[in-house]
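# Commentary on secondary and tertiary structure
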Amino acid sequence: MLLDTAKTQGIKTISDDMIRSENLVKIYKTDDIEVVALQGLDLTVKRGEIMAIVGNSGSGKSTLLNMLGGLDKPSAGNLFVDGKDLLKFTDKDFIEYKRSTVGFVWQNNARNLIPYLTAVQNVELPMILGRSKERRERALELLDMVGLSDRQNSRLDQMSGGEQQRVAIAIALANRPRLLLADEPTGSVDTKTADMILDVFKELNSKMGVTIVIVTHDRNLAKKIDRVVSISDGRTSTEILRRRSYSDELRSIGDTLAVEEDSHDEVLVLDRVGRLQLPKEYIDTLGIKGGDRVKVELDDNKISIFKYEQ
């Protein structure tokens, strides 16, 4: 929990986790069918972290994002965000949560923006209950943060897609959320603009300490984020953890000109009951499919997996 009582000292401490899900399940039901969108997903995101979630269509990543955003309720398991137990939320709790804890950036700008208003007027809208002068000051500050001070009085039809998306990011930050969720934020822009939007996220993460979770199909974008979690069949399957460094030769030129050397580890995620999801290419190489038997051997602290042949 966000505020835990320290048993030895009787004081309250703050958890390092912004997001913690354990065995998270989401089931959609209609009269005729039942669809399991998430089936035991485990995920932990630290405060101040920026990460990406990837996965094929139907993998469950958008379902997870909707639950983190308070737009949908989990069916079972545990889901804590900023120390709050979302499974125990009432409708009133969800309203307050969306107002004060989480900000959302959509792929479709129409869900964030009102086209006949200017950029600064759009950013002021979430703060409509505040004083007029304070709203304007905060809106201008946010537009400056996303590099749009010179476009504050422009209407959306006068702005490019990338500029509109940066306005949407400013809107999502208007109420000072501790968690920022982005659903395919670069899905409708070119590579150069996508890089610019990612730079905005990284700067906000660095300067404001806001935790950022990005759901994306864009593999090029994912390569530029240090932690990438892959979801498959409603479970966390693998993670990519990047290590970035400069060579001594490049560092001598100066950091502003140096090119980062990128190395990474791809790791499988063991869920809380000991299950692993193997990458599809491994399964194809072994010639196995769901329901097949496999043989597992432990040798010198290494695990080997073989297709079982009788």
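Residues numbered from 1 in each chain as written. Predicted model: local features only at pLDDT ≥ 70, side-chain atom pairs only at ≥ 80, totals over all residues. Heavy atoms only, no water.

## Re the sheet that holds strand β6 (residues 76-81)
Ordered by their spatial adjacency, four strands build an open sheet running β4-β3-β6-β7, and the pairing between neighbours is antiparallel. Strands at the two margins of the open sheet, each flanked by one partner only, are β4 (34-46) and β7 (84-85). Sheet analysis places strand β3 (residues 17-29) next to β6, joined by five bridges and oriented antiparallel. The residue bridging I19 from the neighbouring strand is V81, located in β6. (Pairing = 2+ DSSP bridges. Helix = DSSP H or I, 4+ residues; strand = E, 2+ residues; numbered from the N terminus.)

## Structural notes on the environment of I171
Locating I171 in the fold gives a position in helix α5 (residues 161-172). Residue I171 is classed as buried on the basis of its relative accessible area of 11%. Counting along the chain gives 68 residues from I171 to G103, while the straight-line C-alpha distance between them is 8.3 Å. What I171 contacts, discounting residues up to four positions off in sequence, is N112, L113, N122, V123 and P126. (Buried < 20%, exposed > 50% of the residue type's maximum accessible area, 1.4 Å probe, protein only. Contact = heavy atoms within 4.5 Å.)

## Things to note about the nonpolar core
In this structure, V123, L143, V167, I169, L180, F201 and I214 are the most contacted members of the largest nonpolar core, which totals 39 residues. Going through the elements one at a time, β5 (50-54), α3 (119-124), α4 (132-145), α5, β9 (179-183), α6 (191-208), β10 (211-215) and α7 (219-222) are the ones with two or more residues in this core. For this core, the element with the most residues is α5, which contributes six residues. Residues M51, F94, Y97 and V102 belong to the second largest nonpolar core, which totals 28 residues. (Core = buried A, V, L, I, M, F, W, Y, C linked by side-chain atoms within 4.5 Å.)

## Concerning a nonpolar patch on the surface
Side chains of V294, V296, L298 and I303 sit close together on the surface and give an oily, nonpolar patch of about 410 Å² of accessible area. Broken down by element, the residue count for the nonpolar patch peaks at three residues, all from strand β14 (residues 294-299). Examined against the element boundaries, I303 turns out to sit in strand β15 (residues 302-307). Given the relative accessible area of 61%, I303 is considered exposed. (Patch = residues over 30% accessible without salt bridge, like charges linked within 9 Å, V, L, I, M, F, W, Y side chains within 5 Å. Areas by Shrake-Rupley, 256 points an atom, 1.4 Å probe, with all protein chains shown as cover. Salt bridge = Lys/Arg side-chain N within 4 Å of Asp/Glu carboxyl O.)

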